[in-house]
Amino acid sequence: DAGVTQSPTHLIKTRGQQVTLRCSPKSGHDTVSWYQQALGQGPQFIFQYYEEEERQRGNFPDRFSGHQFPNYSSELNVNALLLGDSALYLCASSFWGADVAFFGQGTRLTVV
Amino acid sequence: GNSVTQMEGPVTLSEEAFLTINCTYTATGYPSLFWYVQYPGEGLQLLLKATKADDKGSNKGFEATYRKETTSFHLEKGSVQVSDSAVYFCALTGRNTGTASKLTFGTGTRLQVTL
């Protein structure tokens, strides 16, 4: 049983560019959440998707957007990249209403 | 809002030493509490959890007890190994429907165990 998979594992982008990160949830899970983990910090909640809709959102600007597909996979899009967007982006999947989440290994985004 | 405070690291211990990593929280209602571990270059792995007051979560020799009166969830292990070297995150999530996986994390505590 594959766990949560994320792609790509590493990415380097230039300021002002746009980036798309992808996540496939653990088999059977229907809810995907995204987190940003800056170096030396704990993960910060970006948003959560269920039934192809954004259900909750953390304190992140509109430059951060997402999508969930009918197969429950998800994308995180970030527009107009800033140097401060450099971080490890983690995807977590779960069953809707459950309190246990399973995390992928993350995508390391570097903005130069 | 919800928040989690962890002791700052790094914590450096010799193998077989006793480990305590302190964690306190602020939350409305009755949150679920978690410890996650992050090994170098990897994502987060759930270590243990507790869902109500006085519950004790345990896994791989690690334990933590949900103390509502002190709003704490301290992580302990009686005898650490070099392989336990990692960053440990205390976290909580609300109990309301729809807040699944909206975890609030502490800043993490790095543990280094030496021979």
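Analysis parameters
Residues numbered from 1 in each chain as written. Chains lettered and ligands numbered in written order. Predicted model: local features only at pLDDT ≥ 70, side-chain atom pairs only at ≥ 80, totals over all residues. Heavy atoms only, no water. Contact = heavy atoms within 4.5 Å. Buried area = accessible area lost by both parts, 1.4 Å probe. Salt bridge = Lys/Arg side-chain N within 4 Å of Asp/Glu carboxyl O. Polar contact = N/O pair within 3.5 Å; in protein donor to acceptor, adjacent residues only side chain to side chain. Helix = DSSP H or I, 4+ residues; strand = E, 2+ residues; numbered from the N terminus. Nonpolar A, V, L, I, M, F, W, Y, C, P; charged D, E, K, R; others polar. Phe/Tyr/Trp six-rings, centres within 6.5 Å; stacked < 30°, edge-to-face > 60°. Lys NZ or Arg CZ within 6 Å of the ring centre and 35° of its normal. Pairing = 2+ DSSP bridges. Axes fitted to C-alpha atoms, helices over the stretch in contact; angles between N-to-C directions. Core = buried A, V, L, I, M, F, W, Y, C linked by side-chain atoms within 4.5 Å. Buried < 20%, exposed > 50% of the residue type's maximum accessible area, 1.4 Å probe, protein only.

**Let's talk about the interface of chain B and chain A**
Residue-level contacts link 22 residues of chain B with 23 residues of chain A. Between chain B and chain A, a total of about 1800 Å² is buried, with carbon and sulfur atoms accounting for 53% of that surface. Here chain B and chain A share one salt bridge between them. Across the salt bridge formed by Asp-99 of chain A and Lys-49 of chain B, the nearest N and O atoms sit 3.2 Å from each other. Our count for the chain B to chain A interface comes out at five residue pairs in polar contact (both at pLDDT 80 or more). Elements with a contribution of two residues or more to the side of chain B that touches chain A: strand E5 (32-38), strand E6 (44-50) and strand E10 (86-93) of chain B. With four residues, E5 of chain B is the largest single contributor of residues to the side of chain B that touches chain A. Considered class by class, the residues forming the side of chain B that touches chain A number eight nonpolar, eleven polar and three charged.

**Details of the packing of aromatic side chains**
Summed over all chains, the structure comprises 13 aromatic pairs over all chains. A connected cluster of aromatic rings, assembled from ring pairs, spans Tyr-35, Phe-45 and Phe-103 of chain A together with Phe-34, Tyr-36, Phe-89 and Phe-105 of chain B. The positively charged end of Lys-26 of chain A is found above the aromatic ring belonging to Phe-102 of chain A, 5.2 Å away from the centroid. Over the ring of Trp-96 of chain A we find Arg-55 of chain A, and its NZ or CZ is 5.8 Å from the ring centre.

**Notes on the environment of Gly-84 of chain A**
If you trace the backbone, Gly-84 of chain A turns up in the loop between strand E8 (74-78) and strand E9 (87-94). For Gly-84 of chain A and Val-112 of chain A, which are 28 residues apart along the polypeptide, the C-alpha to C-alpha distance reads 9.8 Å.

**Things to note about the sheet that holds strand E7 (residues 56-59) of chain B**
Residue and element names in this part refer to chain B. Taken in spatial order, the four strands of this open sheet run E3-E9-E8-E7, and their pairing is antiparallel. Looking along the sheet, the strands with just one partner apiece sit at the ends: strand E3 (19-21) and E7. Across the sheet, the axes of successive neighbouring strands diverge by a mean angle of 15 degrees, strand direction being ignored. When E7 meets strand E8 (residues 62-65), the two strands line up antiparallel, connected through four bridges. The residue bridging Asn-59 from the neighbouring strand is Phe-62, located in E8.

**Observations regarding the pairing of strand E6 (residues 53-57) of chain A**
In this structure, strand E5 (residues 44-50) of chain A lies alongside E6 of chain A, joined through four bridges in antiparallel fashion. Paired with Tyr-49 of chain A across the two strands is Glu-54 of chain A, which belongs to E6 of chain A.

**What about unusual backbone geometry?**
Most peptide bonds are trans, and most residues other than glycine sit at a negative phi. The peptide bond linking Ser-7 of chain A to Pro-8 of chain A adopts the cis configuration, its omega dihedral lying at -10 degrees. Look at the link from Gly-9 of chain B to Pro-10 of chain B: it is a cis peptide, with omega at 0 degrees. Along the chain, the position of Pro-10 of chain B falls in the loop between strand E1 (3-6) and strand E2 (11-14). With phi around 80 degrees, Tyr-72 of chain A is a residue other than glycine that occupies positive phi space.

**Thoughts on the environment of Val-111 of chain A**
All names here are of chain A. Tracing the backbone through its elements, the reader meets Val-111 in strand E11 (residues 107-111). As a C-alpha pair, Val-111 and Gly-16 span 95 residues in sequence and 9.1 Å in three-dimensional space. Setting aside its immediate chain neighbours within four residues, Val-111 contacts Lys-13, Thr-14, Arg-15, Leu-81, Leu-82, Leu-83, Asp-85 and Ser-86.

**Overview of the nonpolar core**
Ranked by size, the top nonpolar core spans 25 residues in total, and within it Leu-19, Trp-35, Leu-48, Phe-73, Leu-75 and Tyr-88 of chain B carry the most contacts. Contributing elements (two or more residues each) for this core: E2, E3, strand E4 (23-26), E5, E6, E8, E10 and strand E12 (109-114) of chain B. With four residues, E10 of chain B is the largest single contributor of residues to this core. Not counting residues up to four positions away in its chain, the partners in contact with Phe-73 of chain B are Cys-23, Leu-33, Phe-34, Trp-35, Leu-48, Lys-49, Ala-50, Ala-64, Thr-65, Tyr-66 and Cys-90 of chain B. Counting 20 residues, the second largest nonpolar core, distinct from the first, contains Val-4, Val-32, Tyr-89 and Leu-109 of chain A.

The values reported here are purely geometric and, on their own, carry no functional implication.
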